[in-house]
Amino acid sequence: MVHSSNKTLEKVYAARTDKDRREAYNDWAKNYDKDVTEFGIQLPYVGACVFAKHVDIGTGPILDAACGTGMHSLPLKMMGYGGFNGIDISDGMLAIAAERKIYENLQRMVLGKPLDFPDNYFPVTYAIGALAPGNAPPESLDEFIRVTKSGGLIIWSTHGHINERTQPFHDKRHALTRAGLWSIEFETEPFVSMPTGDSEIMHAVYVYRVS
Ligand SMILES: C[S@@+](CC[C@H](N)C(=O)[O-])C[C@H]1O[C@@H](n2cnc3c(N)ncnc32)[C@H](O)[C@@H]1O
């Protein structure tokens, strides 16, 4: 099954195992910023705007989950936010994030597995471009809720177009709401996130408040 007409994106969306994901992003890391810029990536701008609308400067520490190269957090750092803790499955992506000097800590961790952080720790968890087919799975949200403070925010994106691979992410967010673990505070409309990369792919950004 083909998930994207774009060969570069297809490699990451088709990943089935953590090893596949790590290798795909390690291989892509050096060209990631250049390629997604050519694809007209919108997520870093939209994510940073949503973040700035909901989070006061000085709030921290911030969990930046699947931080990649950090391109979505650079505008926030420039605005005066700090206390970023970046985690990612790919050493290659983390190495480029380190060069940007945004992060106080960078660690390799795998979303979908238990995270090495205490309960009720971060006032904000931020995960842009992370939860998607082939990337971090819907269960990542369980750990986000565990490590985010009660009353804190989880700002994250997933694909806004619905098909059999994207639906589980929406089923999970609604199940967590029904379970009373969080509530929606804000959501964007779905938008085409890489217009010159694959115009079929949409994303939406959500803000949930942890109960
Ligand atoms: C599309 S990039 C987005 C990076 C960054 N958040 C941004 O918006 O620029 C997805 C990132 O998720 C990471 N990733 C994918 N699956 C992961 C997983 N299960 N656990 C941790 N990181 C993962 C990749 O290594 C990659 O850096």
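Above this text is the structure in question.
Residues numbered from 1 in each chain as written. Predicted model: local features only at pLDDT ≥ 70, side-chain atom pairs only at ≥ 80, totals over all residues. Heavy atoms only, no water.

*Asks:* Explanation requested: the overall build of the protein in the structure shown.
*Replies:* Along the protein, the regular secondary structure elements total seven helices and eight strands. The globule rule puts the C-alpha radius of gyration for 211 residues at 17 Å, and the 16 Å found for the protein is close to it. Taken over the C-alpha atoms alone, the protein extends approximately 40 × 40 × 30 Å along its principal axes. Across the 211 residues of the protein, 53% fall into the buried class. If you take every contact in the protein between residues at least 6 apart in sequence, the share linking residues at least 24 apart comes to 70%. Surface summary for the protein: the accessible area is close to 9,500 Å², and the carbon and sulfur share equals 52%. Averaging the positions of the 21 positive and the 26 negative side-chain charges in the protein gives two centres separated by 2 Å. (Helix = DSSP H or I, 4+ residues; strand = E, 2+ residues; numbered from the N terminus. Rg over C-alpha atoms; globule rule 2.2 N^0.38 Å. Buried < 20%, exposed > 50% of the residue type's maximum accessible area, 1.4 Å probe, protein only. Contact = heavy atoms within 4.5 Å. Areas by Shrake-Rupley, 256 points an atom, 1.4 Å probe, with all protein chains shown as cover. Lys, Arg positive; Asp, Glu negative; His and termini not counted. Charge placed at Lys NZ, Arg CZ, Asp CG, Glu CD.)

*Asks:* Whenever I open this one, the nonpolar core confuses me. Can you help?
*Replies:* In this structure, Trp 28, Phe 51, Tyr 126 and Ile 155 are the most contacted members of the largest nonpolar core, which totals 39 residues. Of all the secondary-structure elements, those providing two or more residues to this core are α1 (7-13), α2 (18-38), α3 (43-54), α5 (91-100), β4 (122-127), β5 (148-159) and β8 (202-210). Excluding its chain neighbours within four sequence positions, the residues that come into contact with Ile 155 are Val 50, Phe 51, Val 55, Val 124, Thr 125, Tyr 126, Ala 127, Val 205, Tyr 206 and Val 207. If you look at the next biggest cluster of nonpolar residues, it comprises 25 residues, including Ala 65, Ala 136, Tyr 208 and Val 210. (Core = buried A, V, L, I, M, F, W, Y, C linked by side-chain atoms within 4.5 Å.)

*Asks:* Teacher, can you tell me more about the site of the ligand here?
*Replies:* The environment of the ligand is made up of 19 residues, and the closest members are Ala 66, Asp 88, Ile 89, Leu 111 and Ile 128. At 2.6 Å, a side-chain N or O of Asp 88 approaches an oxygen atom of the ligand. Notes on the ligand: free accessible area 590 Å², of which the protein chains cover 96%. Looking at the shell around the ligand, the element that brings in the most residues is α2, giving three residues. (Near = heavy atom within 4 Å. Polar contact = N/O pair within 3.5 Å; in protein donor to acceptor, adjacent residues only side chain to side chain.)

*Asks:* Even after reading the chapter, I still don't get the side chain of Glu 143, so can you show me in this structure?
*Replies:* Position of Glu 143 among the secondary structure elements: in helix α6 (residues 140-147). Sequence-distant contacts of Glu 143, defined by excluding residues within four places in its chain, comprise Lys 113, Pro 114 and Leu 115.

*Asks:* Would you explain the packing of aromatic side chains in this entry?
*Replies:* The description of an aromatic ring pair rests on the distance of the ring centres and on the angle between the ring planes. Applying the stated criterion across every chain, the model contains twelve aromatic pairs. On the numbers, 6.2 Å between centres and 75° between planes, the contact of Phe 84 with Tyr 103 is edge-to-face. One end of the pair, Phe 84, is in strand β2 (residues 84-88); the other, Tyr 103, is in strand β3 (residues 103-108), with 19 residues separating them in the sequence. Taking the centre distance of 4.9 Å and the plane angle of 80° together, the rings of Phe 117 and Phe 122 count as edge-to-face. The exposure class assigned to Phe 117 is buried, which follows from its relative accessible area of 9%. Counting every residue linked through ring pairs, the aromatic cluster contains Trp 156, Trp 182, Tyr 206 and Tyr 208. (Phe/Tyr/Trp six-rings, centres within 6.5 Å; stacked < 30°, edge-to-face > 60°.)

*Asks:* I tried to follow the pairing of β3 on my own but got confused; where do I start?
*Replies:* In regular strands, side chains alternate between the two faces of the sheet. By the bridge criterion, five bridges tie β2 to β3 in an arrangement that is parallel. If you follow Ile 87 over to β3, its bridge partner there is Gln 107. At this point the chain moves from β2, through α5, to the parallel β3, and the crossover so formed is right-handed. (Pairing = 2+ DSSP bridges. Right-handed = clockwise from strand over helix to strand, strands pointing away.)

*Asks:* Looking at this model, I keep getting lost on the side chain of Thr 125. Mind explaining?
*Replies:* Inspection of the secondary structure assignment puts Thr 125 in strand β4. Residue classification places Thr 125 among the buried positions, given a relative accessible area of 0%.

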